[in-house]
Amino acid sequence: MASSSDCVVIKDEEAGYDLDLFCIPKHYAGDLERVYIPHGLILDRTERLAREIMHDMGGHHIVALCVLKGGYKFFADLLDYIKALNRNSDRSIPMTVDFIRLKSYCNDQSTGEIKVIGGDDLSTLTGKNVLIVEDIIDTGKTMKTLLHLLKQYNPKMVKVASLLVKRTPRSVGYRPDYVGFEVPDKFLVGYALDYNEYFRDLNHICVISEPGKEKYKA
């Protein structure tokens, strides 16, 4: 594991951790290969991102827009850290929240086609400072499409925080403003990241096994 100027970089050769070293739900026995990012490390990195967001956006009322469903854990923990900073520092962010639900995956492949299948009226974002909170940037096509969609509603400012950014040859080159971890081109589950709706109840971020993919295939 290494660090760059904007995130923690997990190298391609990173093996992760043996499942037996962590508490893994028994119903996922055999469905996972390794623990890749332990829950405690996720929380520490999220706390640091909260400080960076406060530094950049403190004093400006923002709408924190959660991309459901995968982003909900990162969103909740990030906002908890921002609220703690609001209580304990001279600088604070007045904040409201909104939600949008998107669909871009079938099995383990990003389709690149964004489907808005839930969420509130986006016209409420007009003239607002918006922080989009996402779980993972894969190809980047989904986020670029979402940003283009939001632009039609004329928000004052839009920044994006993503827990993970995947290194993949399919990437369109999009990079969010705030990144937790840069990860290899593996299909990761846990901490609300899913495979066909399974594994959201897993605290750690793990690599799914081939038997796991087959077991929960749509």
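Preceding block: the structure.
Worth saying up front: this structure is predicted, and the values here are computed from it rather than measured.

### Things to note about the side chain of Asn196
Then, number 1: As for its position among the elements, Asn196 is in the loop between strand 10 (188-189) and strand 11 (205-208).
Then, number 2: Since its relative accessible area comes to 17%, Asn196 is described here as buried.
Then, number 3: Here the side chain of Asn196 touches Tyr216 through a polar contact of 3.1 Å, landing on its backbone oxygen.

### Here's the deal with the nonpolar core
Then, number 1: With 33 residues, the main nonpolar core has Ile37, Ile53 and Leu164 as its most contacted residues.
Then, number 2: Secondary-structure elements contributing two or more residues to this core are strand 3 (32-37), helix 1 (39-57), strand 4 (62-68), helix 2 (72-88), strand 7 (129-137), strand 8 (157-166), strand 9 (178-183) and strand 11.
Then, number 3: In terms of residue count, helix 1 provides more of this core than any other element does, six residues in total.
Then, number 4: Setting aside residues up to four positions removed in sequence, Leu164 forms contacts with Ile37, Asp135, Ile136, Ile137, Phe181, Val183, Leu188, Leu193 and Ile205.

### Some remarks on the pattern of salt bridges
Then, number 1: Evaluated as defined, the whole model comprises 13 salt bridges.
Then, number 2: The salt bridge involving Glu52 is made with Arg48; its shortest N-O contact spans 3.5 Å. Linking Glu52 with Arg48, this pair stays in helix 1, spanning four residues, or about one helical turn.
Then, number 3: Overall, Arg48 belongs to the partly exposed group, its relative accessible area being 40%.
Then, number 4: For Glu182, the salt bridge goes to Arg167, with nearest N and O atoms at 3.0 Å. Note that Glu182 is positioned in strand 9 and Arg167 in the loop between strand 8 and strand 9, a separation of 15 residues in sequence.
Then, number 5: Of the residues examined, Glu182 reaches a relative accessible area of 13% and is grouped as buried.
Then, number 6: Each of the salt bridges in this network shares a partner with another, and the network as a whole consists of Asp6, Asp12, Arg167, Arg175 and Glu182.

### Notes on unusual backbone geometry
Then, number 1: Its identity is not glycine, yet Tyr191 carries a phi of approximately 50°, on the positive side.
Then, number 2: Positionally, Tyr191 belongs in the loop between strand 10 and strand 11.
Then, number 3: A positive phi angle is found at Ala192, which is not glycine, with a value near 80°.
Then, number 4: You can see Ala192 is positioned in the loop between strand 10 and strand 11.
Then, number 5: For Ala192, a relative accessible area of 0% gives the class buried.

Rules used throughout
- Residues numbered from 1 in each chain as written.
- Predicted model: local features only at pLDDT ≥ 70, side-chain atom pairs only at ≥ 80, totals over all residues.
- Heavy atoms only, no water.
- Helix = DSSP H or I, 4+ residues; strand = E, 2+ residues; numbered from the N terminus.
- Buried < 20%, exposed > 50% of the residue type's maximum accessible area, 1.4 Å probe, protein only.
- Polar contact = N/O pair within 3.5 Å; in protein donor to acceptor, adjacent residues only side chain to side chain.
- Core = buried A, V, L, I, M, F, W, Y, C linked by side-chain atoms within 4.5 Å.
- Contact = heavy atoms within 4.5 Å.
- Salt bridge = Lys/Arg side-chain N within 4 Å of Asp/Glu carboxyl O.

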